[in-house]
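# Overview (structure and organization)
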Amino acid sequence: MNPSLNFHHLMRDRSLEVDLGRMTETEAATEVARAIQRTLACARVNFWNVSGEIGRRVMSRVTGYDGRTERVLSEPLDLVETTGEFFKALHDTGCYVCLDTSTDPALREIFRTYLQPTQGMTMIVAAFYIDARVWGLISCVHDTPRRWTAAEITALRKCASELSRRRAQLLDF
């Protein structure tokens, strides 16, 4: 794998900085979001927390980075679950890859309310877990057609796995 795609190493290193009190979790996630966005040359990357009961889950943006405007996305944003198809696919596979968000039935509500207004045409979303439940997401969205490579998808999944591992370690204490 291309060494520049080792986001999980950066996530691990920033998590250590958080543990040592040198930065906040949001600062660490923002730095990783910026690195992912620049390396993958996608429009934007967001870190999301997931909360709520199945059927009424809410994705809340923690932080993100928009490469088109070169700015940190720190404004609160909540997206509410509608059909559950998207979360089921994430839970079952750990990753959701979509080449055309406008035609994906699992994304119809999120497309209408978020992806279309922000010109999100294609995306990869990797889940991180706590106790076998989706606890959060990392999303990469692009505003023009593109095919995500296997290496890009794997890199994002490894970064999400690093977050799952870290959360599990924190719960063991």
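What you see is a predicted model; the values in this text were computed from it and never measured.

Running from N to C, helix α1 (residues 7-19) and helix α2 (residues 25-40) point in directions that differ by 160°, and their axes come no closer than 9 Å. In terms of axis orientation, α1 runs roughly antiparallel to α2. Taken as a pair, α1 and α2 cross one another with a handedness that is right-handed. Judged by residue contacts, Phe7, Leu10, Met11, Arg14 and Val18 of α1 engage Glu25, Ala28, Glu31, Val32, Ala35, Ile36, Thr39 and Leu40 from α2.

Once that is clear, we can look at the pairing of strand β1 (residues 44-51). In terms of residue burial, β1 counts as a mostly covered element, since six of its eight residues are buried. One ladder, built from eight bridges, connects β1 with strand β2 (residues 58-66); its direction is antiparallel. The residue of β2 that forms the bridge with Val50 is Met59. Where β1 folds back onto β2 in an antiparallel hairpin, the turn is made up of six residues, including Gly52, whose phi is positive at roughly 100°.

Before going further, it helps to spend a moment on the nonpolar core. Ranked by internal contacts, the top residues of the largest apolar core, which has 28 residues, are Ile36, Leu40, Phe47, Ile138 and Cys140. Secondary structure elements with two or more residues in this core: α1, α2, β1, β6 (122-130), β7 (133-142) and α5 (150-172). Discounting residues that sit within four places of it in the chain, Leu40 has contacts with Leu5, Phe7, Cys140, Arg146, Trp148 and Glu152. Counting residues in each nonpolar core, the second largest holds 21 residues, with Leu79, Cys98, Phe111 and Val134 among its members.

Before going further, it helps to examine the packing of aromatic side chains. Counting across every chain of the model gives four aromatic pairs. Taking the centre distance of 5.1 Å and the plane angle of 70° together, the rings of Phe86 and Tyr96 count as edge-to-face. Taken together, the residues span a long stretch of sequence, with Phe86 in helix α3 (residues 85-93) and Tyr96 in strand β5 (residues 95-98) at a distance of 10 residues. Exposure remark for Phe86: the relative accessible area of 7% places this residue in the buried category. Taking relative accessible area as the criterion, Tyr96 reaches 11% and is therefore assigned buried. Ring geometry for Phe128 versus Trp135: centroids 5.1 Å apart, planes at 70°, classification edge-to-face. Among the residues examined, Phe128 registers a relative accessible area of 4% and is labelled buried. Connected via pairs of aromatic rings, a cluster forms that spans Phe86, Phe87 and Tyr96.

With that settled, the discussion passes to the pattern of salt bridges. All chains considered together, the criterion is met by 11 salt bridges. In this structure, the salt-bridge partner of Arg14 is Glu31, at a minimum N-O distance of 2.6 Å. Of the two residues, Arg14 is situated in helix α1 and Glu31 in helix α2; the sequence distance between them amounts to 17 residues. Salt-bridge contacts for Arg146 lead to Glu152; the nearest nitrogen and oxygen are separated by 2.9 Å. The same class applies to Arg146 and to Glu152, which are both buried. Each of the salt bridges in this network shares a partner with another, and the network as a whole consists of Arg61, Arg71 and Glu75.

An α-helical segment advances 3.6 residues per turn. Residues three or four places apart therefore align on the same side. For α1, which comprises 13 residues, the first-to-last C-alpha distance of 18 Å matches the rise-based estimate of 18 Å (1.5 Å per residue) to within 8%. Looking only at α1, the buried set comprises Phe7, His8, Leu10, Met11, Arg14, Ser15 and Val18. Across the axial projection of α1, the buried residues extend over an arc of 155°, all falling on one side. Positive backbone phi, at 80°, marks Gly21, one or two positions downstream of α1.

So, about α3. Turning to α3, its buried residues number three or more, namely Phe86, Phe87 and Leu90. Looking straight down α3, one finds that the buried residues subtend no more than 95° of arc, so they occupy a single side. Of the surrounding secondary structure, the elements contacted by the buried residues of α3 are β1, β2, β5, β6 and β7.

Cut-off values and rules
Residues numbered from 1 in each chain as written. Predicted model: local features only at pLDDT ≥ 70, side-chain atom pairs only at ≥ 80, totals over all residues. Heavy atoms only, no water. Axes fitted to C-alpha atoms, helices over the stretch in contact; angles between N-to-C directions. Helix = DSSP H or I, 4+ residues; strand = E, 2+ residues; numbered from the N terminus. Parallel < 35°, antiparallel > 145°, perpendicular 65-115°, else oblique. Left-handed = near helix turned anticlockwise from the far one by under 90°. Contact = heavy atoms within 4.5 Å. Buried < 20%, exposed > 50% of the residue type's maximum accessible area, 1.4 Å probe, protein only. Pairing = 2+ DSSP bridges. Core = buried A, V, L, I, M, F, W, Y, C linked by side-chain atoms within 4.5 Å. Phe/Tyr/Trp six-rings, centres within 6.5 Å; stacked < 30°, edge-to-face > 60°. Salt bridge = Lys/Arg side-chain N within 4 Å of Asp/Glu carboxyl O. Expected span 1.5 Å × (residues − 1). Arc of directions from axis to C-beta.

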